[in-house]
Amino acid sequence: GMGGIDQPSPARYGSTQVSQTEQKTKKYLTVEAKSMSSEQSQCGESGDNHTTMPHMHDVLCGRGTVLRRHKGNVQFRHWVNEHKTSYILSDSNVEKAKIVEIIIGRVQDQRPPGRFLCRREGWSPYIGKGAIKDSEWVLAGALKAAEKTKQALREGAHIVRKEHNAPQKRDCR
């Protein structure tokens, strides 16, 4: 791929010609900023912002088909799906926390151990074709890893509740 093609420098937004990729990226960044501002600081939270190359067991945070197809993310979703129903139907936060811990544990117990990685600050969360290698990845903090896992477990919750005749949490359209 062409290195750094989807690494928009904020300065370039000022220019009159903005490519479609950049417009898309800008939109994603805005959406991400809204939903992630609380935990955005969790990327490279240990203060060591040094980059690392993802391997097949890593869970990569971000958006796009390329990430969805990444081996580590596929395996992560498989483990999430195994626990999804009990997580969604559980009323116990203790049980929910345990499930999150189990899934993160499975990721880390692989050889080599899987890590939760996110793109270095200033990079779009949206990953285009082949951009995994071209991106700069940093370790996500424990909080960010837990957030990603909880978000994945909640996905499609209204469908699970409907199937089990469980009351919906908030009015779902």
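These numbers come from a predicted model, not from an experiment.

A.B. asks: Before we go on, may I ask you to explain the layout of surface pockets in this structure?
C.D. replies: Any space left empty among the atoms is revealed by the rolling of a water-sized probe across them. Looking at the second largest pocket, its volume works out to about 270 Å³. Around the second largest pocket, the lining comprises 10 residues; the ones closest to its centre are Arg154, Ala157, Arg161, Lys169 and Arg170. Listing elements by their share of the lining of the second largest pocket, those giving two or more residues are α3 (71–89) and α7 (157–163). Of the residues assigned to the lining of the second largest pocket, the class counts are 4 nonpolar, 1 polar and 5 charged.

A.B. asks: Sorry if this is basic, but what is going on with the packing of α3 against helix α6 (residues 142–154) here?
C.D. replies: When two helices pack together, their arrangement is given by the angle between the helix axes and by the axis-to-axis distance. Here α3 crosses α6 at 65°, and the two axes come no closer than 8 Å. Between α3 and α6, the angle is such that the two are roughly perpendicular. As for how α3 packs across α6, the hand of that crossing is right-handed. On α6, the residues that touch Phe76, Val80, His83, Lys84, Tyr87 and Ile88 of α3 are Lys148, Thr149, Lys150, Ala152, Leu153 and Arg154. Residues that form the contact of α3 with α6 fall into these classes: 6 nonpolar, 2 polar and 4 charged.

A.B. asks: Which parts of the structure should I look at to understand the side chain of Thr149?
C.D. replies: Relative to the assigned elements, Thr149 resides in helix α6. Excluding residues within four positions of it along the chain, Thr149 makes contact with Phe76, Val100, Ile103, Ile104 and Phe116.

A.B. asks: Is there a simple way to think about the side chain of Lys84 in this case?
C.D. replies: Tracing the sequence through the fold places Lys84 in helix α3. One buried charged residue, Lys84, remains without a salt bridge, the closest side chain of opposite sign being Glu155 at 5.1 Å. Setting aside residues up to four positions removed in sequence, Lys84 forms contacts with Ala152, Leu153 and Glu155.

A.B. asks: What is the right way to read the sheet that holds strand β3 (residues 137–139) from this model?
C.D. replies: Within a sheet, adjacent strands bond to each other through the backbone by hydrogen bonds, running parallel or antiparallel. Spatially, 3 strands are ordered β1-β2-β3 in an open sheet, and the strand pairing comes out mixed. Every interior strand has two partners, whereas the edge strands, β1 (59–60) and β3, have only one. As paired elements, strand β2 (residues 116–119) and β3 share 3 bridges and run antiparallel to each other. Opposite Cys118, over in β3, you have Val138 as the bridge partner. Across the sheet, α6 is in contact with β1 and β2; its angle to β2 comes to roughly 95°.

A.B. asks: What am I meant to see in the nonpolar core here?
C.D. replies: If you look at soluble globular proteins, the nonpolar side chains tend to sit buried side by side. In terms of nonpolar packing, the biggest core is built from 22 residues, with Phe76, Ile103, Phe116 and Leu153 touching the most fellow members. Listed by contribution, the elements that provide at least two residues to this core are α3, α4 (93–108), β2, α6 and α7. With near-sequence residues (within four places) excluded, Leu153 lies in contact with Val80, His83, Lys84, Tyr87, Ile88, Ile99, Val100 and Ile103. In terms of nonpolar packing, the next biggest core, distinct from the first, is built from 7 residues, Leu67, Ile127, Ala131 and Ile132 among them.

A.B. asks: Could you clarify how one ought to interpret the packing of α4 against α6 in this entry?
C.D. replies: Between α4 and α6, whose axes approach to 10 Å, the crossing angle comes to 110°. Taken together, α4 and α6 sit at an angle that is classed as roughly perpendicular. As for how α4 packs across α6, the hand of that crossing is right-handed. Contacts between α4 and α6 involve Ile99, Val100, Ile103 and Ile104 from the former and Ala145, Ala146, Thr149, Lys150 and Leu153 from the latter. Taken together, the residues of the contact of α4 with α6 sort by class into 7 nonpolar, 1 polar and 1 charged.

A.B. asks: Would you mind going over the packing of aromatic side chains with me for this structure?
C.D. replies: For any pair of aromatic rings, the description rests on two quantities: the centre-to-centre distance and the angle between the ring planes. All chains considered together, the criterion is met by 1 aromatic pair. Measuring from centroid to centroid gives 5.7 Å for Phe76 and Phe116, while their planes differ by 85°, and the two rings are edge-to-face. With Phe76 in helix α3 and Phe116 in strand β2, this pair connects stretches of sequence that are 40 residues apart. Across this residue pair, the class does not change: Phe76 and Phe116 are buried. Lys96 extends its terminal NZ or CZ atom over the ring of Tyr87, reaching a point 5.2 Å from the ring centre.

Cut-off values and rules
Residues take numbers from 1 onward in each chain, read along the sequence in its written order. Only residues with pLDDT of 70 or above have their local features reported here, since the model is predicted, and side-chain atom pairs are shown and tallied only from 80 upward, although totals for entire chains, interfaces and linings are computed over all residues. The side-chain values count all of the structure's non-hydrogen atoms but skip hydrogen atoms and water molecules. The distinction between a cavity and a pocket rests on a 1 Å grid over the protein atoms alone: a 1.4 Å probe fits inside a cavity but cannot get out, while a pocket stays open yet meets protein on both sides within 12 Å along at least five of seven lines, and a residue with an atom within 4 Å of a point counts as lining. Grid points are joined across faces, edges and corners, and a volume is the space filled by probe spheres set on the points. Counting from the N terminus, the helices are the DSSP runs of H or I reaching at least four residues and the strands are the DSSP runs of E reaching at least two. Residues are grouped as follows: Ala, Val, Leu, Ile, Met, Phe, Trp, Tyr, Cys and Pro are nonpolar; Asp, Glu, Lys and Arg are charged; all remaining types, including Gly, are polar. For every element, the axis is a line fit to its C-alpha atoms; helices are fit only across the contacting stretch, and the angle between N-to-C directions ranges from 0 to 180 degrees. When describing relative orientation, an angle under 35 degrees is termed roughly parallel and one over 145 degrees roughly antiparallel, while 65 to 115 degrees is termed roughly perpendicular and anything else oblique. Helix crossings are classified by the rotation of the near helix relative to the far one: an anticlockwise turn of less than a right angle makes the crossing left-handed, while a clockwise turn makes it right-handed. Between two residues, a contact is recorded if the distance between any of their heavy atoms is within 4.5 Å. Residue burial is assigned from relative accessible area. The probe radius is 1.4 Å, only protein chains are included, and a residue is buried under 20% of its type maximum, exposed over 50%, and partly exposed in between. Positive charges are assigned to Lys and Arg, negative charges to Asp and Glu, while His and the chain termini are left out of the count. The salt bridge criterion pairs a side-chain nitrogen of Lys or Arg with a carboxyl oxygen of Asp or Glu, the two atoms within 4 Å. Only strands that DSSP links by at least two bridges are regarded as paired with each other. We define a nonpolar core as any set of buried Ala, Val, Leu, Ile, Met, Phe, Trp, Tyr and Cys residues linked to one another through side-chain atoms lying within 4.5 Å. Pairing of aromatic side chains here covers Phe, Tyr and the six-membered ring of Trp, requires ring centres within 6.5 Å, and sorts the geometry by plane angle: under 30 degrees stacked, over 60 edge-to-face, intermediate tilted. In this analysis the charged atom, NZ for Lys or CZ for Arg, is taken to sit over a ring once it is within 6 Å of the ring centre and within 35 degrees of the ring normal.

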